[in-house]
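Residues per chain, in single letters:
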Amino acid sequence: MLTRGSDSYINHMYMETIRRLFRQMINDGIEPDVFSLNSMIKGYVLSLHVNDALRVIHQMGRTNNARELCNEMKKNGFIPSSKSYNFLVNALALAGEVEEAIHYLREMIEMRKSADFITHRKILDEICRRGRVEEAMRLLKELQDKDLVDGHT
């Protein structure tokens, strides 16, 4: 899409144009691939429109599509970015698929990708919401022991 140096960056002012192009692709029956979806999501995140990025994931098939995109990337030899993992874990937790969210959070840690504060909080909140407070406390302790979160999370 747009580049700045060696890092891919989609500027906020171009997101409306890119979104229209994306919508036109879908209307013309062109199925977006993992790279176009990831670029769209990354553009929204970098332009600080996280809700729009989550909406793209939601519109494209919710958690199943996000999970499939992640698996497709890995199958093709690519490692999902921290942002991609964060979105997947958040989407799974929001959809009530807490065990899957925990699985991908652990995978994320193994791949040395950083989970953000929102991801940690969302997954712990969802575990607690299901009445599994002790499990949430164990996970929090595990994350603290690995120095992934501080004592104030």
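Everything here concerns the structure above.
The paragraphs below set out a description of the structure included in this document. The shown structure was predicted, so the numbers you read here are calculated from the model rather than taken from an experiment.

Criteria and thresholds
Residue indices begin from 1 for each chain and proceed along its sequence in written order. The predicted nature of this model means local features are confined to residues of pLDDT at least 70 and side-chain atom pairs, given and counted, to a pLDDT of 80 or more, with totals for whole chains, interfaces and linings taken over all residues. Hydrogen atoms and water are omitted, and side-chain values are computed over all heavy atoms in the structure. Axis geometry follows a simple rule: fit a line to the C-alpha atoms, using only the stretch in contact for helices, then measure angles between N-to-C directions, giving values from 0 to 180 degrees. Secondary structure elements are defined from DSSP: runs of H or I of at least 4 residues count as helices, runs of E of at least 2 residues count as strands, and each element is numbered from the N terminus. What sets the label is the angle itself: under 35 degrees gives roughly parallel, over 145 gives roughly antiparallel, 65 to 115 gives roughly perpendicular, and the rest give oblique. Crossing handedness: left-handed means the near helix sits turned counterclockwise from the far one by under a right angle, and right-handed means the same turn made clockwise. Throughout, a residue-residue contact means that at least one pair of heavy atoms, one from each residue, lies within 4.5 Å. As a working rule, the residues Ala, Val, Leu, Ile, Met, Phe, Trp, Tyr, Cys and Pro are called nonpolar, Asp, Glu, Lys and Arg charged, and the rest polar, with Gly in that last group. The term nonpolar core refers to a set of buried residues drawn from Ala, Val, Leu, Ile, Met, Phe, Trp, Tyr and Cys, joined through side-chain atoms within 4.5 Å. For the exposure calls, accessible area comes from a 1.4 Å probe over protein chains only, and a residue counts as buried if that area is under 20% of its type's maximum, exposed if over 50%, partly exposed in between. For each structure, a 1 Å grid was placed over the protein atoms alone; sets of points admitting a 1.4 Å probe that cannot get out are labelled cavities, open sets with protein on both sides within 12 Å along at least five of seven lines are labelled pockets, and lining residues have an atom within 4 Å of a point. Grid points are joined across faces, edges and corners, and a volume is the space filled by probe spheres set on the points. Within this document, salt bridges are pairs made up of a side-chain nitrogen of Lys or Arg and a carboxyl oxygen of Asp or Glu, the two lying within 4 Å of each other.

1. Brief notes about the packing of helix α6 (residues 98–110) against helix α7 (residues 117–129)
1) Next: Running from amino to carboxyl end, α6 crosses α7 at an angle of 150°, the nearest separation of the two axes being 10 Å. One element, α6, and the other, α7, form an angle in the roughly antiparallel class. Of the two elements, α6 crosses α7, and the hand of that crossing is left-handed. Residues Val 98, Ala 101, Ile 102 and Leu 105 of α6 form the contact with α7, whose participating residues are Thr 119, His 120, Ile 123, Glu 126 and Ile 127.
2) Next: Among the residues forming the contact of α6 with α7, the class breakdown is 6 nonpolar, 2 polar and 1 charged.

2. A short note on the nonpolar core
1) Next: In terms of nonpolar packing, the biggest core is built from 21 residues, with Tyr 104, Ile 123, Ile 127 and Leu 139 touching the most fellow members.
2) Next: Within the residue set of this core, elements represented by two or more residues are α4 (62–75), α5 (82–94), α6, α7 and α8 (133–145).
3) Next: With 6 residues, the single largest contributor to this core is α6.
4) Next: Once you skip the residues sitting within four places of it in the chain, Tyr 104 turns out to touch Arg 67, Cys 70, Asn 71, Lys 74, Tyr 85, Leu 88, Val 89 and Leu 92.
5) Next: Judged by nonpolar contacts, the second largest core, of 14 residues, contains Met 40, Tyr 44, Leu 69 and Phe 87.

3. Comments concerning empty space enclosed by the protein
1) Next: Enumeration over the complete set of coordinates arrives at 1 cavity of 30 Å³ or more.
2) Next: The calculated volume of the largest cavity comes to roughly 150 Å³.
3) Next: Lining the largest cavity are 13 residues, and of these Asn 38, Ile 41, Ala 66, Leu 69 and Ser 84 lie nearest its centre.
4) Next: Taken together, the residues that form the lining of the largest cavity break down as 11 nonpolar, 2 polar and no charged.

4. Concerning the pattern of salt bridges
1) Next: A complete count under the given rule lists 9 salt bridges for this structure.
2) Next: The residue Glu 126 makes a salt bridge to Arg 130 at a minimum N-O spacing of 3.0 Å.
3) Next: For Glu 126, a relative accessible area of 6% gives the class buried.
4) Next: A salt bridge links Asp 145 to Lys 141; the shortest N-O distance between them is 2.9 Å. Of the two residues, Asp 145 and Lys 141 both sit in helix α8, 4 residues apart, roughly one turn of that helix.
5) Next: What makes Lys 141 partly exposed here is its relative accessible area of 47%.
6) Next: A cluster of three or more residues bridged by salt bridges with shared partners is formed by Lys 122, Glu 126, Arg 129 and Arg 130.

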